[in-house]
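The chain contents come next:
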Amino acid sequence: DKLLLLTMFHVGARIDEESDTLIVFNPKIYIRHKLAFSALAQLQERLSLDIELASSCNSYVQPLQSLWKAGKVDLHPSVCFRERTVADAGPGTDRKRVLLYLGGPKESKGFEFAALLGARLASEFPELQFLFHYNDGFPNAARFEPHVNALREAGKQHGNVDIVRGNLARKDYDRLVAGSQVMMLLYDPEHYRHQTSGVFWDGLQQGNRHWVVTQTTWLHNELRELGIQHETIPFGNVDESVQSLRVLLGGISGPSAERPPLPSNRWYLHRLLSPLGDWVGARLRKPRSQQHTRVTPGSRPRVLVIRTNYGHLGELSTGGFMPYLRSFGLDVDEFKVNIGDDQLGVTDAHQRSQFAKLAQRHLRSYQPNSVVAESAVQRIAERSDIDHFVD
(Lines give C-alpha, C1' and ligand atoms only; values in the text may rest on other atoms or scores of the structure.)
Protein backbone atom coordinates (compact mmCIF):
# COMPACT_ATOMS: atom_id res chain seq x y z
CA ASP A 1 0.00 0.00 0.00
CA LYS A 2 1.06 3.58 -0.59
CA LEU A 3 0.43 6.72 1.45
CA LEU A 4 1.02 10.04 -0.33
CA LEU A 5 1.30 13.07 1.96
CA LEU A 6 1.18 16.60 0.55
CA THR A 7 2.26 19.11 3.19
CA MET A 8 0.54 22.46 2.83
CA PHE A 9 2.51 24.68 5.21
CA HIS A 10 6.08 25.30 6.33
CA VAL A 11 7.73 23.14 9.00
CA GLY A 12 8.94 26.03 11.15
CA ALA A 13 12.43 26.03 9.62
CA ARG A 14 14.28 27.17 6.52
CA ILE A 15 17.59 26.49 4.81
CA ASP A 16 20.02 29.40 4.99
CA GLU A 17 21.21 30.20 1.45
CA GLU A 18 24.74 31.22 2.40
CA SER A 19 25.67 28.56 4.95
CA ASP A 20 23.26 25.83 3.70
CA THR A 21 22.32 25.12 7.32
CA LEU A 22 18.91 24.63 8.88
CA ILE A 23 17.51 27.69 10.68
CA VAL A 24 14.58 27.03 13.04
CA PHE A 25 12.34 30.11 13.24
CA ASN A 26 9.32 28.50 14.95
CA PRO A 27 10.41 25.79 17.41
CA LYS A 28 6.83 24.77 18.27
CA ILE A 29 5.91 24.00 14.65
CA TYR A 30 9.30 22.42 13.94
CA ILE A 31 9.17 20.01 16.89
CA ARG A 32 5.59 19.09 16.04
CA HIS A 33 6.66 18.08 12.52
CA LYS A 34 9.77 16.32 13.77
CA LEU A 35 7.72 14.12 16.10
CA ALA A 36 5.10 13.42 13.43
CA PHE A 37 7.61 12.36 10.79
CA SER A 38 9.49 10.23 13.29
CA ALA A 39 6.25 8.37 14.05
CA LEU A 40 5.52 8.01 10.32
CA ALA A 41 8.95 6.53 9.66
CA GLN A 42 8.38 3.92 12.38
CA LEU A 43 4.94 3.16 10.95
CA GLN A 44 6.38 2.74 7.47
CA GLU A 45 8.92 0.22 8.69
CA ARG A 46 6.47 -1.72 10.87
CA LEU A 47 3.71 -2.02 8.26
CA SER A 48 5.88 -2.16 5.13
CA LEU A 49 3.92 0.89 4.01
CA ASP A 50 5.24 2.95 1.10
CA ILE A 51 5.07 6.59 2.28
CA GLU A 52 5.87 9.44 -0.08
CA LEU A 53 6.08 13.10 0.94
CA ALA A 54 5.76 16.18 -1.23
CA SER A 55 5.38 19.89 -0.65
CA SER A 56 4.33 22.97 -2.57
CA CYS A 57 7.58 24.94 -3.03
CA ASN A 58 11.35 24.48 -2.78
CA SER A 59 11.56 26.54 0.38
CA TYR A 60 9.35 23.92 2.05
CA VAL A 61 10.86 20.85 0.38
CA GLN A 62 14.42 21.49 1.60
CA PRO A 63 13.77 21.72 5.36
CA LEU A 64 11.18 18.95 5.10
CA GLN A 65 13.85 16.69 3.59
CA SER A 66 16.02 17.28 6.66
CA LEU A 67 13.22 15.82 8.79
CA TRP A 68 12.26 12.92 6.50
CA LYS A 69 15.13 10.44 6.19
CA ALA A 70 12.98 7.57 4.86
CA GLY A 71 12.83 8.80 1.26
CA LYS A 72 13.10 11.70 -1.13
CA VAL A 73 10.71 14.62 -0.63
CA ASP A 74 9.20 15.71 -3.94
CA LEU A 75 7.73 18.97 -5.21
CA HIS A 76 4.04 18.85 -6.14
CA PRO A 77 2.18 21.27 -8.47
CA SER A 78 0.26 24.19 -7.03
CA VAL A 79 -3.22 23.43 -5.73
CA CYS A 80 -4.70 26.18 -7.92
CA PHE A 81 -4.25 24.68 -11.38
CA ARG A 82 -7.13 24.58 -13.83
CA GLU A 83 -7.48 25.10 -17.53
CA ARG A 84 -8.18 28.80 -18.06
CA THR A 85 -9.83 30.65 -20.88
CA VAL A 86 -7.88 33.59 -22.25
CA ALA A 87 -9.94 36.43 -20.83
CA ASP A 88 -9.85 39.87 -22.42
CA ALA A 89 -9.23 43.00 -20.40
CA GLY A 90 -12.91 43.90 -20.39
CA PRO A 91 -14.58 47.02 -21.77
CA GLY A 92 -13.79 50.61 -21.05
CA THR A 93 -10.12 51.49 -21.58
CA ASP A 94 -6.96 50.98 -23.61
CA ARG A 95 -4.77 51.88 -20.66
CA LYS A 96 -2.29 49.40 -19.27
CA ARG A 97 -3.76 47.84 -16.15
CA VAL A 98 -2.35 47.45 -12.64
CA LEU A 99 -4.00 44.96 -10.27
CA LEU A 100 -3.70 46.48 -6.80
CA TYR A 101 -5.55 43.83 -4.79
CA LEU A 102 -7.31 40.50 -5.35
CA GLY A 103 -8.92 38.23 -2.75
CA GLY A 104 -10.77 38.45 0.53
CA PRO A 105 -10.21 41.73 2.41
CA LYS A 106 -7.60 40.91 5.03
CA GLU A 107 -5.14 43.07 6.92
CA SER A 108 -2.49 40.36 6.55
CA LYS A 109 -2.79 40.61 2.75
CA GLY A 110 -2.20 44.35 2.85
CA PHE A 111 -5.71 45.51 1.97
CA GLU A 112 -5.31 48.92 3.63
CA PHE A 113 -1.76 49.44 2.32
CA ALA A 114 -2.84 48.54 -1.23
CA ALA A 115 -5.72 51.03 -1.09
CA LEU A 116 -3.52 53.84 0.29
CA LEU A 117 -0.76 53.19 -2.24
CA GLY A 118 -3.27 52.89 -5.06
CA ALA A 119 -4.73 56.31 -4.24
CA ARG A 120 -1.29 57.91 -4.63
CA LEU A 121 -0.42 55.99 -7.79
CA ALA A 122 -3.74 56.85 -9.45
CA SER A 123 -2.94 60.55 -9.05
CA GLU A 124 0.65 60.25 -10.28
CA PHE A 125 0.01 57.91 -13.24
CA PRO A 126 -3.13 59.09 -15.04
CA GLU A 127 -2.23 57.00 -18.10
CA LEU A 128 -2.62 53.72 -16.14
CA GLN A 129 -5.79 51.94 -15.02
CA PHE A 130 -5.80 50.61 -11.44
CA LEU A 131 -7.97 47.62 -10.48
CA PHE A 132 -8.97 46.82 -6.91
CA HIS A 133 -11.07 43.86 -5.75
CA TYR A 134 -13.23 44.53 -2.71
CA ASN A 135 -15.12 41.41 -1.65
CA ASP A 136 -17.77 43.14 0.43
CA GLY A 137 -19.49 39.77 0.93
CA PHE A 138 -16.59 38.59 3.08
CA PRO A 139 -17.17 38.48 6.87
CA ASN A 140 -16.34 41.81 8.56
CA ALA A 141 -15.52 43.43 5.22
CA ALA A 142 -17.45 46.59 6.12
CA ARG A 143 -14.60 47.81 8.34
CA PHE A 144 -12.53 48.38 5.18
CA GLU A 145 -15.13 50.60 3.50
CA PRO A 146 -13.38 53.93 4.37
CA HIS A 147 -10.20 52.79 2.60
CA VAL A 148 -12.18 51.77 -0.48
CA ASN A 149 -14.01 55.09 -0.53
CA ALA A 150 -10.72 57.01 -0.34
CA LEU A 151 -9.33 55.01 -3.26
CA ARG A 152 -12.49 55.63 -5.29
CA GLU A 153 -12.27 59.38 -4.66
CA ALA A 154 -8.60 59.42 -5.71
CA GLY A 155 -9.52 57.85 -9.05
CA LYS A 156 -12.21 60.36 -9.95
CA GLN A 157 -9.78 62.98 -11.26
CA HIS A 158 -8.50 60.78 -14.11
CA GLY A 159 -11.18 58.07 -14.14
CA ASN A 160 -8.49 55.45 -13.70
CA VAL A 161 -9.64 53.37 -10.70
CA ASP A 162 -11.99 50.39 -11.07
CA ILE A 163 -13.29 48.79 -7.87
CA VAL A 164 -14.72 45.32 -8.39
CA ARG A 165 -17.01 44.24 -5.57
CA GLY A 166 -18.28 40.91 -4.26
CA ASN A 167 -17.40 37.23 -4.65
CA LEU A 168 -15.96 36.72 -8.12
CA ALA A 169 -17.22 34.21 -10.64
CA ARG A 170 -14.54 32.26 -12.45
CA LYS A 171 -14.62 34.37 -15.63
CA ASP A 172 -14.47 37.63 -13.66
CA TYR A 173 -11.53 36.40 -11.63
CA ASP A 174 -9.71 35.32 -14.79
CA ARG A 175 -10.43 38.64 -16.47
CA LEU A 176 -8.81 40.56 -13.63
CA VAL A 177 -5.67 38.42 -13.68
CA ALA A 178 -5.33 37.92 -17.43
CA GLY A 179 -6.05 41.55 -18.27
CA SER A 180 -3.44 43.06 -15.92
CA GLN A 181 0.08 43.91 -16.99
CA VAL A 182 1.22 44.49 -13.39
CA MET A 183 0.28 42.34 -10.39
CA MET A 184 0.78 43.74 -6.92
CA LEU A 185 0.74 41.39 -3.93
CA LEU A 186 1.49 43.67 -1.01
CA TYR A 187 1.26 41.19 1.83
CA ASP A 188 2.34 41.86 5.39
CA PRO A 189 5.73 40.15 5.96
CA GLU A 190 4.77 39.39 9.54
CA HIS A 191 2.21 36.90 8.22
CA TYR A 192 3.63 36.04 4.80
CA ARG A 193 7.33 35.67 5.45
CA HIS A 194 6.93 31.92 4.97
CA GLN A 195 3.31 31.57 3.79
CA THR A 196 2.27 30.72 0.22
CA SER A 197 -0.27 32.51 -1.97
CA GLY A 198 -2.83 31.02 -4.35
CA VAL A 199 -3.28 34.37 -6.12
CA PHE A 200 0.45 34.32 -6.86
CA TRP A 201 0.22 30.89 -8.50
CA ASP A 202 -2.81 31.99 -10.52
CA GLY A 203 -0.86 35.01 -11.76
CA LEU A 204 2.06 32.80 -12.80
CA GLN A 205 -0.26 30.70 -14.92
CA GLN A 206 -1.26 33.72 -17.02
CA GLY A 207 2.26 34.13 -18.39
CA ASN A 208 4.63 37.07 -18.23
CA ARG A 209 3.62 39.85 -15.89
CA HIS A 210 5.35 42.64 -14.07
CA TRP A 211 5.37 41.78 -10.37
CA VAL A 212 5.41 44.05 -7.33
CA VAL A 213 5.64 42.38 -3.91
CA THR A 214 6.57 43.45 -0.40
CA GLN A 215 10.05 42.87 0.94
CA THR A 216 11.02 39.84 3.06
CA THR A 217 7.97 37.80 2.05
CA TRP A 218 7.65 34.28 0.65
CA LEU A 219 6.53 35.86 -2.63
CA HIS A 220 9.82 37.75 -2.97
CA ASN A 221 11.83 34.56 -2.34
CA GLU A 222 9.68 32.56 -4.74
CA LEU A 223 10.10 35.07 -7.57
CA ARG A 224 13.86 34.89 -7.06
CA GLU A 225 13.69 31.09 -7.11
CA LEU A 226 11.79 31.21 -10.40
CA GLY A 227 14.17 33.74 -11.89
CA ILE A 228 11.42 36.31 -12.51
CA GLN A 229 12.24 40.01 -12.53
CA HIS A 230 10.20 41.94 -9.97
CA GLU A 231 10.04 45.03 -7.79
CA THR A 232 10.00 44.90 -4.00
CA ILE A 233 8.66 47.67 -1.77
CA PRO A 234 8.60 48.14 2.02
CA PHE A 235 5.29 47.15 3.58
CA GLY A 236 3.29 50.13 4.83
CA ASN A 237 5.62 52.84 3.47
CA VAL A 238 3.62 54.67 0.77
CA ASP A 239 6.15 57.43 0.03
CA GLU A 240 9.11 55.10 -0.47
CA SER A 241 6.98 52.68 -2.49
CA VAL A 242 5.81 55.39 -4.90
CA GLN A 243 9.43 56.42 -5.44
CA SER A 244 10.48 52.81 -6.09
CA LEU A 245 7.68 52.22 -8.61
CA ARG A 246 8.15 55.34 -10.76
CA VAL A 247 10.53 53.66 -13.20
CA LEU A 248 8.46 50.47 -13.56
CA LEU A 249 5.06 52.15 -13.95
CA GLY A 250 6.43 54.91 -16.15
CA GLY A 251 8.03 52.32 -18.41
CA ILE A 252 4.89 50.24 -19.05
CA SER A 253 2.54 53.10 -19.91
CA GLY A 254 3.92 53.86 -23.36
CA PRO A 255 3.06 52.04 -26.62
CA SER A 256 6.60 50.65 -26.92
CA ALA A 257 6.60 49.07 -23.46
CA GLU A 258 8.36 45.73 -23.40
CA ARG A 259 7.11 42.59 -21.72
CA PRO A 260 9.28 41.28 -18.88
CA PRO A 261 11.76 38.50 -19.75
CA LEU A 262 10.79 34.88 -19.33
CA PRO A 263 11.56 33.10 -16.02
CA SER A 264 14.99 31.47 -15.96
CA ASN A 265 13.98 28.44 -13.86
CA ARG A 266 11.63 26.91 -16.41
CA TRP A 267 11.56 23.42 -14.83
CA TYR A 268 10.36 24.81 -11.54
CA LEU A 269 7.69 26.91 -13.24
CA HIS A 270 6.46 23.94 -15.30
CA ARG A 271 6.13 21.74 -12.21
CA LEU A 272 4.20 24.39 -10.29
CA LEU A 273 1.78 24.96 -13.17
CA SER A 274 0.97 21.31 -13.89
CA PRO A 275 -2.41 19.71 -13.00
CA LEU A 276 -2.24 18.57 -9.38
CA GLY A 277 -4.83 15.83 -9.90
CA ASP A 278 -2.82 14.23 -12.71
CA TRP A 279 0.36 14.41 -10.65
CA VAL A 280 -1.33 12.71 -7.67
CA GLY A 281 -2.85 10.06 -9.92
CA ALA A 282 0.54 9.23 -11.42
CA ARG A 283 2.03 8.80 -7.94
CA LEU A 284 -0.76 6.48 -6.82
CA ARG A 285 -0.71 4.22 -9.86
CA LYS A 286 1.17 0.94 -9.50
CA PRO A 287 2.21 -1.79 -11.96
CA ARG A 288 -0.71 -3.88 -13.16
CA SER A 289 0.30 -6.83 -10.98
CA GLN A 290 0.01 -4.60 -7.91
CA GLN A 291 -3.08 -2.65 -8.88
CA HIS A 292 -5.44 -1.62 -6.13
CA THR A 293 -7.96 -4.42 -5.56
CA ARG A 294 -11.34 -3.40 -6.91
CA VAL A 295 -14.30 -4.10 -4.68
CA THR A 296 -17.35 -5.97 -5.84
CA PRO A 297 -20.55 -4.08 -6.74
CA GLY A 298 -22.76 -3.45 -3.74
CA SER A 299 -19.84 -3.15 -1.31
CA ARG A 300 -18.12 -0.09 -2.76
CA PRO A 301 -16.75 2.14 0.02
CA ARG A 302 -18.17 5.66 -0.15
CA VAL A 303 -16.08 8.79 0.39
CA LEU A 304 -17.63 12.18 1.17
CA VAL A 305 -15.36 15.06 0.12
CA ILE A 306 -16.10 18.41 1.79
CA ARG A 307 -14.29 21.44 0.36
CA THR A 308 -14.61 25.20 0.09
CA ASN A 309 -16.59 26.38 -2.92
CA TYR A 310 -14.18 28.84 -4.47
CA GLY A 311 -15.65 29.88 -7.81
CA HIS A 312 -12.26 30.35 -9.47
CA LEU A 313 -10.88 26.90 -8.56
CA GLY A 314 -11.20 24.08 -11.07
CA GLU A 315 -11.73 20.33 -10.92
CA LEU A 316 -8.02 19.61 -11.40
CA SER A 317 -6.94 21.58 -8.35
CA THR A 318 -8.15 20.74 -4.83
CA GLY A 319 -10.66 18.19 -6.14
CA GLY A 320 -8.40 16.68 -8.77
CA PHE A 321 -7.81 13.46 -6.85
CA MET A 322 -11.48 12.40 -6.95
CA PRO A 323 -11.51 10.78 -10.41
CA TYR A 324 -8.64 8.55 -9.31
CA LEU A 325 -10.49 7.45 -6.17
CA ARG A 326 -13.40 6.46 -8.39
CA SER A 327 -11.04 4.51 -10.66
CA PHE A 328 -9.96 2.50 -7.59
CA GLY A 329 -13.56 1.37 -7.08
CA LEU A 330 -14.75 3.97 -4.58
CA ASP A 331 -17.98 5.94 -4.68
CA VAL A 332 -17.18 9.62 -4.16
CA ASP A 333 -19.65 12.37 -3.26
CA GLU A 334 -18.72 16.03 -3.08
CA PHE A 335 -20.06 18.72 -0.75
CA LYS A 336 -19.02 22.31 -1.49
CA VAL A 337 -19.12 24.97 1.23
CA ASN A 338 -19.70 28.60 0.26
CA ILE A 339 -17.61 31.26 1.98
CA GLY A 340 -19.27 34.12 3.83
CA ASP A 341 -22.13 34.31 6.30
CA ASP A 342 -25.19 34.74 4.06
CA GLN A 343 -26.46 31.18 4.69
CA LEU A 344 -26.24 31.36 8.47
CA GLY A 345 -29.98 32.01 8.80
CA VAL A 346 -29.43 35.19 10.83
CA THR A 347 -30.77 38.35 9.21
CA ASP A 348 -29.13 40.82 11.59
CA ALA A 349 -25.76 41.82 10.10
CA HIS A 350 -24.34 42.79 13.51
CA GLN A 351 -25.14 39.36 14.98
CA ARG A 352 -23.48 37.65 12.00
CA SER A 353 -20.42 39.84 12.45
CA GLN A 354 -20.23 39.09 16.18
CA PHE A 355 -20.51 35.37 15.54
CA ALA A 356 -17.69 35.55 12.98
CA LYS A 357 -15.44 37.39 15.44
CA LEU A 358 -16.04 34.78 18.14
CA ALA A 359 -15.38 31.86 15.80
CA GLN A 360 -12.28 33.44 14.27
CA ARG A 361 -10.66 33.81 17.67
CA HIS A 362 -10.11 30.07 17.46
CA LEU A 363 -9.68 29.67 13.69
CA ARG A 364 -8.92 32.85 11.75
CA SER A 365 -10.09 31.45 8.41
CA TYR A 366 -13.43 30.15 9.73
CA GLN A 367 -16.46 31.08 7.63
CA PRO A 368 -19.86 31.29 9.38
CA ASN A 369 -21.51 29.48 6.46
CA SER A 370 -19.58 26.43 7.67
CA VAL A 371 -22.10 26.03 10.51
CA VAL A 372 -24.81 25.23 7.98
CA ALA A 373 -22.47 22.99 6.00
CA GLU A 374 -21.29 21.07 9.07
CA SER A 375 -24.88 20.47 10.16
CA ALA A 376 -25.76 19.18 6.69
CA VAL A 377 -22.73 16.89 6.67
CA GLN A 378 -23.73 15.44 10.05
CA ARG A 379 -27.17 14.60 8.68
CA ILE A 380 -25.70 12.61 5.77
CA ALA A 381 -22.49 11.35 7.39
CA GLU A 382 -23.88 7.85 8.00
CA ARG A 383 -24.01 7.32 4.23
CA SER A 384 -20.21 7.49 3.88
CA ASP A 385 -17.31 5.40 5.15
CA ILE A 386 -14.78 8.24 4.98
CA ASP A 387 -15.41 11.96 5.46
CA HIS A 388 -12.54 13.92 3.88
CA PHE A 389 -12.31 17.65 4.72
CA VAL A 390 -9.97 18.96 2.02
CA ASP A 391 -9.34 22.48 3.31
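This text goes with the structure placed above it.
An account of the accompanying structure is given in this report. Everything numeric here is computed off the predicted structure, so don't read it as measured data.

**A word on helix 13 (residues 349-360)**
At step 1: Over its twelve residues, helix 13 extends 16 Å from the first C-alpha to the last, a length consistent with the 16 Å expected when each residue adds 1.5 Å.
At step 2: Within the span of helix 13, buried status applies to Arg 352, Ser 353, Ala 356, Ala 359 and Gln 360. What you see down the axis of helix 13 is that its buried residues fit within an arc of 130°, all on one side.
At step 3: Between the side-chain oxygen at the start of helix 13 and the backbone nitrogen of His 350 there is a gap of 3.0 Å, and the oxygen is on Asp 348.

**Things to note about the side chain of Thr 214**
At step 1: Looking at where Thr 214 falls in the secondary structure, it is placed in strand 10 (residues 210-214).
At step 2: A distance of 2.5 Å separates the side chain of Thr 214 from the backbone oxygen of Tyr 187, its partner in a polar contact.
At step 3: Those residues in contact with Thr 214 that lie beyond four places of it in its chain are Phe 113, Leu 185, Leu 186, Tyr 187, His 220, Ile 233 and Phe 235.

**Section: the side chain of Gln 44**
At step 1: For Gln 44, the position within the fold is in helix 1 (residues 27-47).
At step 2: On the basis of relative accessible area, Gln 44 is assigned to the buried category, the value being 15%.
At step 3: At 2.8 Å, the side chain of Gln 44 forms a polar contact with the backbone nitrogen of Ile 51.

**Quick look at the nonpolar core**
Nonpolar side chains in soluble globular proteins tend to be buried together.
At step 1: Grouped together as the largest cluster of nonpolar side chains are 43 residues, with contacts concentrated most on Leu 102, Leu 185, Phe 200, Leu 204, Trp 211 and Leu 226.
At step 2: Each residue touching Leu 226, except ones within four places of it in the same chain, is listed here: Phe 200, Leu 204, Pro 263, Ser 264, Asn 265, Tyr 268, Leu 269 and Leu 272.
At step 3: Among the nonpolar cores identified, the runner-up in size contains 35 residues, and Leu 100, Phe 111, Leu 117 and Phe 144 belong to it.

**Side note on unusual backbone geometry**
Most peptide bonds take the trans form, and the phi angle of most residues other than glycine is negative.
At step 1: You will see that Asp 20, though not glycine, has its phi angle at about 60°, which is positive.
At step 2: Note that Asp 20 resides in the loop between strand 2 (13-15) and strand 3 (22-24).
At step 3: Among the residues examined, Asp 20 registers a relative accessible area of 61% and is labelled exposed.
At step 4: Despite not being glycine, Thr 216 has its phi angle at roughly 55°, a positive value.
At step 5: With respect to the helices and strands, the residue Thr 216 is situated in the loop between strand 10 and helix 8 (218-226).
At step 6: For Thr 216, a relative accessible area of 42% translates into the label partly exposed.

**A closer look at the packing of aromatic side chains**
At step 1: Per the counting criterion, the structure on display carries eleven aromatic pairs.
At step 2: Ring geometry for Phe 111 and Tyr 134: centres 5.8 Å apart, planes at 55°, overall tilted. With a gap of 23 residues between them, Phe 111 in helix 3 (residues 111-124) and Tyr 134 in strand 7 (residues 128-134) connect regions that are remote in the sequence. For the pair shown, Phe 111 and Tyr 134 are each scored as buried.
At step 3: Between the aromatic rings of Tyr 187 and Tyr 192, the centroid separation amounts to 4.5 Å while the plane-to-plane angle is 45°, which identifies the pairing as tilted. Judged on exposure class, the residue Tyr 187 and its partner Tyr 192 are both buried.
At step 4: Among the aromatic residues, those joined into a ring-pair cluster are Tyr 101, Phe 111, Phe 132, Tyr 134 and Phe 144.

**A word on the sheet that holds strand 5 (residues 74-75)**
Pairing between the strands of a sheet comes from backbone hydrogen bonds, and it takes one of two forms, parallel or antiparallel.
At step 1: What the three strands build is an open sheet, ordered 1-4-5; its pairing is parallel. Either end of the sheet is taken by a strand with one partner, and the two such strands are strand 1 (2-7) and strand 5.
At step 2: Where strand 1 meets strand 4 (residues 50-55), six bridges bridge the pair, whose relative direction is parallel. Residue pairing for strand 4: Leu 3 is matched across the bridge by Ile 51.
At step 3: On the sheet, helix 2 (residues 58-67) packs against strand 1, strand 4 and strand 5 and is oriented at approximately 140° with respect to strand 4.

**Looking at the packing of helix 7 (residues 198-205) against helix 8**
At step 1: At their nearest, the axes of helix 7 and helix 8 sit 11 Å apart, and the two run at 30° to each other. Classified by the interaxial angle, the pair formed by helix 7 and helix 8 is roughly parallel. Both helix 7 and helix 8 take part in a crossing whose hand is right-handed. When helix 7 is examined against helix 8, the residues Phe 200, Trp 201 and Leu 204 are found in contact with a partner set consisting of Trp 218, Leu 219, Glu 222, Leu 223 and Leu 226.
At step 2: Class assignment for the residues of the contact of helix 7 with helix 8 results in seven nonpolar, no polar and one charged.

**A few points about helix 7**
At step 1: Summarising burial for helix 7: six of the eight residues are buried, a large majority.
At step 2: Among the residues making up helix 7, those that are buried are Val 199, Phe 200, Trp 201, Asp 202, Gly 203 and Leu 204.
At step 3: The secondary structure elements touched by the buried residues of helix 7 are helix 5 (170-178), strand 9 (182-185), strand 10, helix 8 and helix 10 (266-272).
At step 4: Two or three places before Val 199, at the start of helix 7, stands the capping residue Ser 197, its side-chain oxygen 3.4 Å from that residue's backbone nitrogen.
At step 5: Gly 207 sits one or two positions beyond helix 7 and adopts a positive phi of about 95°.

**Overview of the environment of Ser 55**
At step 1: Looking at the secondary structure, you find Ser 55 in strand 4.
At step 2: Other than its neighbours up to four places away in sequence, Ser 55 contacts Thr 7, Tyr 60, Val 61, Leu 64, Asp 74, Leu 75 and His 76.
At step 3: A polar contact of 2.8 Å, which involves the side chain of Ser 55, links it to the side chain of Thr 7.

Reading guide: rules and limits
Residues numbered from 1 in each chain as written. Predicted model: local features only at pLDDT ≥ 70, side-chain atom pairs only at ≥ 80, totals over all residues. Heavy atoms only, no water. Helix = DSSP H or I, 4+ residues; strand = E, 2+ residues; numbered from the N terminus. Expected span 1.5 Å × (residues − 1). Buried < 20%, exposed > 50% of the residue type's maximum accessible area, 1.4 Å probe, protein only. Arc of directions from axis to C-beta. Polar contact = N/O pair within 3.5 Å; in protein donor to acceptor, adjacent residues only side chain to side chain. Contact = heavy atoms within 4.5 Å. Core = buried A, V, L, I, M, F, W, Y, C linked by side-chain atoms within 4.5 Å. Phe/Tyr/Trp six-rings, centres within 6.5 Å; stacked < 30°, edge-to-face > 60°. Pairing = 2+ DSSP bridges. Axes fitted to C-alpha atoms, helices over the stretch in contact; angles between N-to-C directions. Parallel < 35°, antiparallel > 145°, perpendicular 65-115°, else oblique. Left-handed = near helix turned anticlockwise from the far one by under 90°. Nonpolar A, V, L, I, M, F, W, Y, C, P; charged D, E, K, R; others polar.

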